[in-house]
Amino acid sequence: MILCIVEHDNGRLEDQSAEALTMARGMAGAAGVPLHAVIFGPGGDAVAAAIGEYGVSVLHLADSDALASYAPVAWARGVIAVVEAAPAEAVVASGTDRGNEVMATVGALAGLPMVANCIDVQPGDPYRLSRLRWAGSVVEDAELDSDGPRLFSVAPGSVVPAKADSAVTVETQPVPLSLSDADLAVRVLEHMVPEHDGASLVDSRVVVGGGRGVGSAEGFAVLDELAGLLGGAVGVSRAVTSLGWRPHRDQIGQTGVRIAPDLYIACGISGAIQHMVGCKSARRILAINSDADAPIMSKADYAVAGDLHVVLPALVDELRRITA
Ligand SMILES: Cc1cc2nc3c(=O)[nH]c(=O)nc-3n(C[C@H](O)[C@H](O)[C@H](O)COP(=O)(O)OP(=O)(O)OC[C@H]3O[C@@H](n4cnc5c(N)ncnc54)[C@H](O)[C@@H]3O)c2cc1C
């Protein structure tokens, strides 16, 4: 069988788990084996019907209260318990921080090979796969020669979630799991909802980005104003967070947030690869930069060569005029 680690939010299947299930179902079909899922924590049975629509025939449920909060080693022990009881060709998880952490822990504890950030996996002998490297700027084709369960995480956004042609009735089985204190030593103790005023960077249809070229923390006032007029959010480059002008939660890029707005207005940002991986899903990019040869100018759909402190106030004035 192929085993997929599934996560849910109060009974709602997480989008990235739907991506992982879609890839795992394709693998199970190609290998001619059934698709199973494992869910940790109380309430996992609430998604049984939802995962049946993705072709899961057996749900391995580890629903003890001890697993009410995320604990990577305990989850890894649970995955190992499942694949020892029901031999698996492969285990698939979403390529979230959590999915990758659990898979890496399974690999370390059980001595199994793990491949992260996969965009395509073809079962066979050997398994053939394509995965994202270098923050998504390179696709690597590779082979995985292994007899034991192979561990894969799915690059977020690389698979379009698709339900099976017909739903499957899901049989639920408990995971035989006894956990030690050490297995639960690392666990989530508290969930804190981040405070933010204004629109969310991840969900906004318009994002106004500011880089070192903004010049100062105070210089962001005009970007805030533009974002407010457009109902959008302000994001920044790492140079800006390193300078302490804005908090890290506003950073776009490889080590920040990935955005996918309809329009990204990048102001005073050079367009380093580590920044671009965070905004490459934007439908349109407008770059405003005083250097016409800055890398972002050739990557953008629209480019304005000019001083942002001249261009942005003019843009704000014009928007105010037409929306008055
Ligand atoms: C491992 C690693 C991870 C990283 N992760 C990230 C990440 O997640 N996100 C990220 O952004 N970076 C990241 N970086 C840093 C990245 O490589 C760049 O250094 C950074 O993105 C540069 O920020 P910037 O474009 O604001 O600054 P700069 O590269 O200094 O560019 C400033 C730009 O502003 C322009 N400018 C100056 N004045 C004006 C003006 N008045 N009007 C208009 N334009 C003006 C300049 O022409 C220039 O193009 C990472 C680097 C590493 C090594």
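Just so it is clear, the model here is predicted, and its values are computed rather than measured.

> Help me understand the packing of helix α5 (residues 221-230) against helix α9 (residues 308-323), please; the structure alone is not making it clear to me.
Between two packed helices, the angle of one axis relative to the other and the distance separating the axes together describe the packing. At a minimum axis distance of 10 Å, the contact between α5 and α9 shows a crossing angle of 30°. Here α5 is positioned roughly parallel relative to α9, judged by the angle of their axes. Of the two elements, α5 crosses α9, and the hand of that crossing is left-handed. Where α5 abuts α9, its residues V222, L223, E225, L226 and L229 lie against L312, P313, L315, V316, L319, R320 and T323.

> Can you walk me through the site of the ligand in this structure?
If you check the shell around the ligand, you find 28 residues, and the closest are G211, G213, S237, R238 and G253. If you list the elements that add at least two residues to the shell around the ligand, you get α6 (238-242), α7 (273-279), β15 (284-289) and α9. Broken down by class, the residue content of the shell around the ligand amounts to eight nonpolar, 16 polar and four charged.

> Even after reading the chapter, I still don't get the environment of N117, so can you show me in this structure?
Relative to the assigned elements, N117 resides in strand β7 (residues 114-122). As a C-alpha pair, N117 and V139 span 22 residues in sequence and 9.9 Å in three-dimensional space. Residues contacting N117, with those up to four places away along its chain left out, are G95, R131, L132, S153 and A155.

> So what exactly am I meant to see when it comes to the environment of V139 here?
Relative to the assigned elements, V139 resides in strand β9 (residues 138-144). Residues V139 and T169 lie 30 residues apart in sequence; the distance between their C-alpha atoms is 37 Å. Excluding anything up to four places from it in sequence, V139 contacts I119, S130 and L132.

> What exactly am I supposed to notice about the sheet that holds β7 here?
The strands making up a sheet are joined through hydrogen bonds of the backbone, oriented either antiparallel or parallel. The strand order β9-β8-β7-β10-β6-β1-β4-β5-β11 describes an open sheet built from nine strands, whose pairing is mixed. Sheet topology places β9 and β11 (171-174) at the edges, where each strand pairs with a single neighbour. Strand-to-strand twist in this sheet, taken as the mean axis angle between neighbours without regard to direction, amounts to 35°. Bridge count for strand β4 (residues 35-40) against strand β5 (residues 58-62) is five bridges, and the pairing is parallel.

> Help me understand the sheet that holds strand β14 (residues 263-267), please; the structure alone is not making it clear to me.
Here we have five strands laid out as an open sheet, ordered β13-β12-β14-β15-β16, and parallel in their pairing. In the strand order of this sheet, the two ends are held by β13 (233-236) and β16 (302-305), each with one partner. Geometrically, the sheet is characterised by an average inter-axis angle of 20° between neighbouring strands, direction not taken into account. Bridge count for strand β12 (residues 206-210) against β14 is five bridges, and the pairing is parallel. Within β14, the residue paired with G209 across the bridge is A266.

> Explain the nonpolar core here, please?
Of all hydrophobic cores here, the largest spans 56 residues; its most connected members are I2, C4, I51, V91 and V92. Discounting residues that sit within four places of it in the chain, V91 has contacts with L3, I5, V79, V83, V106, P149 and L151. Judged by nonpolar contacts, the second largest core, of 34 residues, contains V214, V222, A227 and V240.

> Would you mind showing me how to read helix α3 (residues 72-85) here?
Spacing of three or four residues puts side chains on the same side of an α-helix, whose turn is 3.6 residues. Given a rise of 1.5 Å per residue, 14 residues ought to cover 20 Å, and the 20 Å separating the end C-alpha atoms of α3 matches this to within 8%. For α3, the tally of buried residues reaches 10 of 14 residues, placing the bulk of the element in the interior. All of the buried residues in α3 are P72, V73, A74, W75, A76, R77, G78, V79, V82 and V83. Taken together, the buried residues of α3 touch β1 (2-5), β4, β5, β6 (90-94) and α4 (97-110).

> Which parts of the structure should I look at to understand the pairing of strand β8 (residues 127-133)?
The two faces of a sheet get side chains in turn, since along a regular strand they alternate between them. Direction of pairing for β7 relative to β8: antiparallel, over a ladder of four bridges. Looking at β8, one finds that D120 is bridged to S130. Here β7 folds back onto β8, and the loop between the two strands holds four residues, one of which, G124, carries a positive phi near 160°. Between the end of β8 and the start of β9, which pair antiparallel, lie four residues, with W134 showing a positive phi angle near 45°.

> Got a minute to help me understand the packing of α3 against α4 in this structure?
Running from amino to carboxyl end, α3 crosses α4 at an angle of 60°, the nearest separation of the two axes being 8 Å. Regarding α3 and α4, the two cross each other, and that crossing is right-handed. For the pair α3 and α4, the contacting residues are P72, V73, W75, A76, V79 and I80 in the first and E101, V102, T105, V106, L109 and A110 in the second.

> So what exactly am I meant to see when it comes to the domain arrangement of the protein chain here?
How big an interface is tends to be reported as the loss of accessible area on association of its parts. The domain architecture assigned to the protein chain consists of domain 1 (2-184) and domain 2 (206-323). Summarising the inter-unit geometry, the C-alpha centres of domain 1 and domain 2 are found 37 Å apart.

> Any chance you could explain unusual backbone geometry here in plain terms?
Note: most residues except glycine have negative phi, and most peptide bonds are trans. Cis geometry marks the peptide bond from D125 to P126, where omega comes out at 5°. Here the phi dihedral of N10 falls at roughly 50°; this positive angle occurs in a residue that is not glycine. By secondary structure assignment, the location of N10 is in the loop between β2 (8-9) and β3 (12-13). Positioned with a positive phi, N117 is a non-glycine residue whose angle comes to about 65°. You can call N117 buried: it has 21 C-beta atoms within 10 Å.

About the thresholds
Residues numbered from 1 in each chain as written. Predicted model: local features only at pLDDT ≥ 70, side-chain atom pairs only at ≥ 80, totals over all residues. Axes fitted to C-alpha atoms, helices over the stretch in contact; angles between N-to-C directions. Helix = DSSP H or I, 4+ residues; strand = E, 2+ residues; numbered from the N terminus. Parallel < 35°, antiparallel > 145°, perpendicular 65-115°, else oblique. Left-handed = near helix turned anticlockwise from the far one by under 90°. Contact = placed C-beta atoms within 7 Å. Near = placed C-beta within 6 Å. Nonpolar A, V, L, I, M, F, W, Y, C, P; charged D, E, K, R; others polar. Pairing = 2+ DSSP bridges. Core = buried A, V, L, I, M, F, W, Y, C linked by C-beta atoms within 7 Å. Buried ≥ 20, exposed ≤ 12 C-beta atoms within 10 Å, placed from the backbone. Expected span 1.5 Å × (residues − 1). Domains from an automatic or database assignment.

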